[in-house]
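Overview (structure and organization)
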Amino acid sequence: MKKLLEKVIENNRNYTEFGEVASYIPELTKANKNALGICVTTLKGEEICAGDCNTKFTIQSISKVITLIIALMDNGKEKTFSKVGVEPTTDAFNSIINLEAKNPNKPLNPMINAGAIATVSLIDGENSDEIFNKILNFTRKLAGNEDIHINENVYRCEKETGDRNRSLAYFMKSTGIITKDVENVLDVYFRQCSMEVTCKDISRIGAVLANNGVIPWTKERVIPEDIARVVKTIMVTCGMYDASGEFAVNIGIPAKSGVGGGIMASVPSNMGIGVFGPALDSKGNSIAGIKVLADLSKELNLSIF
Ligand code: DON
């Protein structure tokens, strides 16, 4: 396995040249465009890494999976999906058009920004510190890593430049989707996106989902089985934004990307995979990371379809 991972990293590193690191949040431009790493966590207990697997990066939209799990555990499916839909989109992750044009009462799904902000507003807690700490502690538990923290520079930058997210959130307050204080909800969202992780952390989170909500290395159930199933389904249909269909056809693994360059994949009953490559394609997904997952899926026959 180690040899295979090294081979897929080296075979695909040249694709990083064809992408660009995210620039809409200035702090993210500091990433090394040519970095590429992978970690695989199998349910049998193996953990194998290759390439730039120790580099820290911000989790960004991969955190949307974690907040969806918590919102579902706090509210149940019926209430959660009365506020946010489960339908894929053909528009960009930060698009505003569907909020007004398609269904003003519900963002399309929890993996686009509008839906993720609505989702985080559903998490129970007295104030934004308590809600964020709940998200941070759950992330640490899923990753088996107490050393996950916020990157303060990215957080500050997200907050300073997050006007598109602000407009999405205020629009949703006006239509009654969000009922809490908008700035407090956004503060939690900006902080969750700024958590710093490695390939290994996201690979382990993918492994917990692959194991239907039971942490493979402690055997503790931390996510109800039905919620793990629902979340993996939404990762297939919506996790790679408006490239989700193509990803399902070519790779066929539940996955979620983030503009920090991470992709978290979860192969049911088999393994979690964490990939990091900050050069992104035009849809905001790691350009070489997708190629790495395509090769691995083919070599190991990982498609669920
Ligand atoms: O909401 C934002 O702008 C980001 N902090 C997170 C977006 C993200 O990762 C989209 N991913 N591809």
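Please refer to the structure higher up on the page.
These remarks concern the structure in this document. Along each chain, the written sequence defines residue order, and numbers are assigned to residues from 1. Note on the predicted model: pLDDT of at least 70 is required for a residue's local features to be given, and 80 or more for side-chain atom pairs to be given and counted; whole-chain, interface and lining totals, by contrast, use all residues. For side-chain calculations, the full set of non-hydrogen atoms in the structure is used, while hydrogens and water are omitted.

An ideal rise of 1.5 Å per residue puts 16 Å on 12 residues; helix 9 (residues 199-210) measures up with 16 Å between its terminal C-alpha atoms. Burial status follows relative accessibility: with a 1.4 Å probe on protein chains alone, a residue under 20% of its type maximum counts as buried, one over 50% as exposed, and anything between as partly exposed. The way it works is that DSSP assigns letters per residue, a run of H or I at least four long becomes a helix, a run of E at least two long becomes a strand, and they are numbered from the N terminus. Within helix 9 the residues assigned to the buried category are Cys199, Asp201, Ile202, Ser203, Arg204, Ile205, Gly206, Ala207, Val208, Leu209 and Ala210. Asn212 sits one or two positions beyond helix 9 and adopts a positive phi of about 60 degrees. Take the number of residues in a helix, subtract one, and multiply by 1.5 Å to get its expected span.

With that settled, the discussion passes to the site of the ligand. The local shell around the ligand holds 14 residues, among which Tyr24, Gln60, Ser61, Glu158 and Tyr189 are the closest. Polar contact is the term for a pair of N or O atoms within 3.5 Å; when the atoms are in protein, one must be able to donate a hydrogen and the other to accept it, and sequence-neighboring residues count only if both atoms are side-chain atoms. The contact in question runs from an oxygen atom of the ligand to an N or O atom on the backbone of Val259, over 3.0 Å. Residue Gly284 places a main-chain N or O atom 3.4 Å away from a nitrogen atom belonging to the ligand. Of the residues belonging to the shell around the ligand, the class tally is 7 nonpolar, 6 polar and 1 charged. For the shell around the ligand, the two domains that each supply at least three residues are domain 1 (2-60 + 195-299) and domain 2 (63-193). Whether a residue is near a molecule or strand depends on its heavy atoms: if one lies within 4 Å, it is near. Classes in brief: Ala, Val, Leu, Ile, Met, Phe, Trp, Tyr, Cys and Pro nonpolar; Asp, Glu, Lys and Arg charged; the others, Gly included, polar. Reported domain spans reflect what an automatic or database domain assignment gives.

We now examine the sheet that holds strand 5 (residues 255-257). Two strands qualify as a pair provided DSSP detects at least 2 bridges between them. On the basis of which strands lie adjacent, the open sheet formed by 5 strands has the order 2-1-7-6-5 and antiparallel pairing. Two strands close off the open sheet at either side, each with one partner strand: strand 2 (47-51) and strand 5. Each adjacent strand pair in this sheet contributes to an overall mean axis angle of 10 degrees, direction not counted. Where strand 1 (residues 37-42) meets strand 7 (residues 271-276), 6 bridges bridge the pair, whose relative direction is antiparallel. Residue pairing for strand 7: Val40 is matched across the bridge by Ile273. On the sheet, helix 12 (residues 287-300) packs against strand 1, strand 6 (262-267) and strand 7 and is oriented at approximately 150 degrees with respect to strand 7. Note on geometry: axes are C-alpha line fits, over the in-contact stretch for helices, and angles between N-to-C directions span 0 to 180 degrees. Pairs of residues are marked as contacts when any of their non-hydrogen atoms sit within 4.5 Å.

Residues other than glycine seldom take positive phi values, yet Asn212 does so here, at roughly 60 degrees. With respect to the secondary-structure elements, Asn212 resides in the loop between helix 9 and helix 10 (225-238).

We now examine the packing of aromatic side chains. Two rings from Phe, Tyr or Trp (for Trp, the six-membered ring) form a pair when their centres sit within 6.5 Å of each other. Planes less than 30 degrees apart are called stacked, planes more than 60 degrees apart edge-to-face, and all others tilted. Across all of its chains, the model carries 3 aromatic pairs by this definition. Ring geometry for Tyr15 against Phe18: centres 6.3 Å apart, planes inclined by 55 degrees, an arrangement best described as tilted. Here Phe18 falls in the exposed class, since its relative accessible area comes to 61%. Across from the ring centre of Trp217, 5.3 Å away, lies the NZ or CZ of Arg204, which sits over that ring. Remark: a charge is flagged as sitting over a ring if the NZ atom of Lys or the CZ atom of Arg is within 6 Å of the ring centre and within 35 degrees of the ring normal. The positively charged end of Lys291 is found above the aromatic ring belonging to Tyr15, 4.8 Å away from the centroid.

Right, let's talk about the side chain of Ser63 for a bit. Mapped onto the elements of the fold, Ser63 is located in helix 2 (residues 63-83). In terms of polar contacts, Ser63 uses its side chain to reach the side chain of Gln192, at 2.9 Å. Each residue touching Ser63, except ones within four places of it in the same chain, is listed here: Gln192, Cys193 and Met195.

Our focus in this paragraph is the pattern of salt bridges. Between side chains of opposite charge, a pair can form when the charged atoms approach closely. The working definition used for a salt bridge is a side-chain nitrogen of Lys or Arg within 4 Å of a carboxyl oxygen of Asp or Glu. Tallied over the full model, the rule gives 15 salt bridges. Arg229 serves as the salt-bridge partner of Asp226, at 2.8 Å between the closest nitrogen and oxygen. One end of the pair, Asp226, and the other, Arg229, are both in helix 10, 3 residues apart, so they sit about a helical turn from each other. For Asp226, a relative accessible area of 33% translates into the label partly exposed. On the basis of relative accessible area, Arg229 is assigned to the partly exposed category, the value being 46%. A single salt-bridge network, built from bridges that share partners, covers Asp129, Lys159, Asp187 and Arg191.

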